[in-house]
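# Tertiary structure, described
For reference, the chains in residue letters:
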Amino acid sequence: MISRVKKMVDGRKLKQWQKELKQLSEETGISFEDVCRYLDVSYARDVGFYVKLPMKRRTIIGIGMAYKRPLETINRWITYYGMKRRLYSKDVSEDMIWIYLIRRNFNDPETDTNYFALYDECQQAAFETYVTLWNEITSGSLNTDDVDRRLEEITVSPEAGNIKDFVVNNLDSFKTAYAKPRKYLAQYLDCIRSTNVVAGNKGRSDSLISLRGWLDDSMINYLSGSPETIHVTDRVTRKRTADMKKIPKSRKSHIATALALGMTRGEIDHYLELMGYLPLNEDDPEEEILIKALNKWDEEHPLQRLFKEKYINGDDSIQMEEEEEHQAVSDMLMLRQELRDQYKRRKLKFDYMKL
């Protein structure tokens, strides 16, 4: 039943997508063959990106750039049709370059320049610039002349040169990428770790590793360190490195993390929106089941609601006994497992474990 309804929903989305592409071709005079040439892919009568929804962000971006669409349209396509996170300007390793090229492409309607094809060169120049600057700063031996010489060694086109200058001028802003959603997760994590019920121990345990079993290893890696910066901490020197924490790319991975920390429907929606995704969708049959299960679980566990109002939302008027707080955190940590068991009893697939 679910798969049949999902096929209907996906089919509706595909028709919307095809309608948009047809209208764009009529309005701009840009054919599907032109789009394939722009993307540097072979053209066939049954064009792949038309007969089925493209799932890769890069493909969606390329199609939008071929039609010279603005960033707002491409972001809508990415989040709605691709179910991916929207482009984010502080992501120096990838998204910033796409945003720059999309805007140049949109504001240069008469050009023959294929801005989509410039991505790899610009991306390499941006990240090499970032790593060079970061390493010089953190080594404590920053010398302007030396840095300038190193940056000059990065051979780039004029477009990539503009990107390089932007990285130089905005170095500090990139390290706080995704700070808001990571701080939101950290709130939940800190509240859970501050109780005495972690890992079933009566004694206090603040270690993130003590949550293994409730959190997947990939979640522990993502949540480790300070939410203030995206940089990885070197385990030997304890210094920040130019390496960046890997942000989960799958929307389901982010939902799984939220579930593992005890978030229910409204909280998950807020976190997804902070990350640049669409919230849970009642029109999607799989997500409708999850929403109903979350709402039911939320009603059946009043202590966790009180706990969140007190510690997440900061309502100091709420009084809770220590044992009640322990129970609330236990409930939050058990949410994902309990949902999995419910799905299993109903012979439904649960897609939010070990992602």
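Residue numbers restart at each chain and count upward from 1, following the sequence in its written direction. Per-residue local features of the predicted model are confined to residues with pLDDT of at least 70, and side-chain atom pairs are confined, for both listing and counting, to 80 or more; whole-chain, interface and lining totals are unaffected and use all residues. As a convention, hydrogens and water are excluded, and side-chain values are obtained from all of the structure's heavy atoms.

## Looking at the pattern of salt bridges
- The salt bridge definition used is simple: a Lys or Arg side-chain nitrogen within 4 Å of an Asp or Glu carboxyl oxygen. What the rule picks out here adds up to 22 salt bridges.
- One salt bridge in this structure joins Glu20 and Arg76, with 2.9 Å as the shortest N-O distance. Separated by 56 residues along the polypeptide, Glu20 in helix α1 (residues 2-28) and Arg76 in helix α5 (residues 71-81) bring together distant segments of the chain.
- Burial status follows relative accessibility: with a 1.4 Å probe on protein chains alone, a residue under 20% of its type maximum counts as buried, one over 50% as exposed, and anything between as partly exposed. Judged by relative accessible area, Glu20 falls into the buried class, the value being 18%.
- Overall, Arg76 belongs to the partly exposed group, its relative accessible area being 38%.
- Here Asp91 makes a salt bridge to Arg85, at a shortest N to O gap of 3.7 Å.
- Judged by its relative accessible area of 9%, Asp91 is buried.
- Accessibility expressed as a relative area gives 7% for Arg85, which makes it buried.
- Sharing partners across several salt bridges, the network here consists of Arg57, Arg85, Asp91, Glu94, Asp95 and Lys249. Working definition: helices are DSSP H or I runs of at least four residues, strands are E runs of at least two. Numbering for both runs from the N terminus.

## Concerning helix α2 (residues 32-39)
- Buried within α2 we find Phe32, Val35, Cys36, Tyr38 and Leu39. In an axial view of α2, the angular spread of the buried residues amounts to 160°, which keeps them on one side of the axis.
- Backbone geometry just downstream of α2 places Asp40 in the positive-phi region, at approximately 60°. Our arc is simply the arc of the directions from the helix axis toward the C-beta atoms.

## Side note on the side chain of Asp269
- Tracing the sequence through the fold places Asp269 in helix α14 (residues 265-275).
- Owing to a relative accessible area of 12%, Asp269 belongs among the buried residues under this scheme.
- Polar contacts, as used here, are pairs of N or O atoms within 3.5 Å; protein pairs need one atom able to donate a hydrogen and one able to accept it. Residues neighboring in sequence count only if both atoms are side-chain atoms. Among the polar contacts made by the side chain of Asp269, one reaches the side chain of Arg265 at a distance of 2.8 Å.
- We call two residues in contact whenever any of their non-hydrogen atoms come within 4.5 Å of each other. Once you skip the residues sitting within four places of it in the chain, Asp269 turns out to touch Pro279 and Leu280.

## Details of the packing of aromatic side chains
- Aromatic contacts are taken between Phe, Tyr and Trp rings whose centres are within 6.5 Å, Trp giving its six-membered ring; a plane angle under 30 degrees counts as stacked, one over 60 as edge-to-face, and the others as tilted. Here the structure, examined in full by the defined rule, presents 14 aromatic pairs.
- Judged by centre distance (5.4 Å) and plane angle (70°), the rings of Tyr184 and Tyr188 are edge-to-face. Here Tyr188 and Tyr184 lie together in helix α11 (residues 179-193), a separation of four residues that amounts to about one turn.
- Given a relative accessible area of 10%, Tyr184 falls into the buried group.
- Using a relative accessible area of 1% as the deciding quantity, one classes Tyr188 as buried.
- Linked through ring pairs, Trp17, Trp77, Tyr80 and Tyr81 together constitute an aromatic cluster.
- Only when the NZ atom of a Lys or the CZ atom of an Arg is both within 6 Å of the ring centre and within 35 degrees of the ring normal do we say a charge sits over the ring. The ring of Tyr80 carries Lys13 above its face, with NZ or CZ at 4.6 Å from the centroid.

## Observations concerning the side chain of Asp95
- Relative to the elements of secondary structure, Asp95 occurs in helix α6 (residues 95-106).
- Within the structure, the side chain of Asp95 is placed 3.0 Å from the backbone nitrogen of Tyr88, a separation counted as a polar contact.
- Ignoring any residue separated from it by four or fewer positions in sequence, one finds Asp95 in contact with Arg57, Arg85, Arg86, Leu87, Tyr88 and Tyr178.

## A few points about the nonpolar core
- Throughout this description, the term nonpolar core refers to a set of buried Ala, Val, Leu, Ile, Met, Phe, Trp, Tyr and Cys residues connected via side-chain atoms within 4.5 Å. Of all hydrophobic cores here, the largest spans 50 residues; its most connected members are Leu215, Leu259, Ile268 and Leu290.
- Breaking this core down by element, the ones donating at least two residues are α11, α12 (217-223), α13 (251-260), α14, α15 (285-300) and α17 (322-345).
- Looking at this core element by element, the count peaks at seven residues for α17.
- Grouped together as the second largest cluster of nonpolar side chains are 49 residues, Phe32, Val92, Tyr100 and Ala160 included.

## Section: the packing of α15 against α17
- Only C-alpha atoms enter the line fits that serve as axes; for helices the fit covers just the stretch in contact. Angles between N-to-C directions range over 0 to 180 degrees. The N-to-C vectors of α15 and α17 enclose an angle of 130°; their axes lie 11 Å apart at closest approach. Considering their axes alone, α15 and α17 lie oblique with respect to each other. The element α15 and its partner α17 pack so that their crossing is right-handed. In contact with Glu286, Ile289, Leu290, Ala293, Leu294 and Trp297 of α15, α17 contributes Asp331, Met332, Leu335, Glu338, Leu339, Gln342 and Tyr343.
- Classes in brief: Ala, Val, Leu, Ile, Met, Phe, Trp, Tyr, Cys and Pro nonpolar; Asp, Glu, Lys and Arg charged; the others, Gly included, polar. For the contact of α15 with α17, a count of residues per class yields nine nonpolar, one polar and three charged. Should an angle fall under 35 degrees it is taken as roughly parallel, and over 145 as roughly antiparallel, whereas 65 to 115 is taken as roughly perpendicular and any remaining angle as oblique. Each crossing is labelled by how the near helix is turned from the far one, with a counterclockwise turn of less than a right angle marking it left-handed and a clockwise turn marking it right-handed.

## Describing the confidence of the model for the protein
- Values of pLDDT, the confidence the predictor places in each residue, fall between 0 and 100. Counting all residues, the mean pLDDT for the protein is 85, and 86% of those residues have values of 70 or more.
- Counted against residues more than four places away or in other chains, residues 197-205, with its pLDDT under 50, gives 20 contacts.

## Quick notes on the packing of α2 against helix α4 (residues 57-66)
- Orientation of α2 relative to α4, taken along the N-to-C sense of each, is 120°, at an axis distance of 9 Å. Classified by the interaxial angle, the pair formed by α2 and α4 is oblique. The interaxial crossing formed by α2 with α4 has right-handed handedness. Contacts between α2 and α4 involve Val35, Tyr38 and Leu39 from the former and Gly62, Ile63, Met65 and Ala66 from the latter.
- Tallied by class, the residues present in the contact of α2 with α4 amount to six nonpolar, one polar and no charged.

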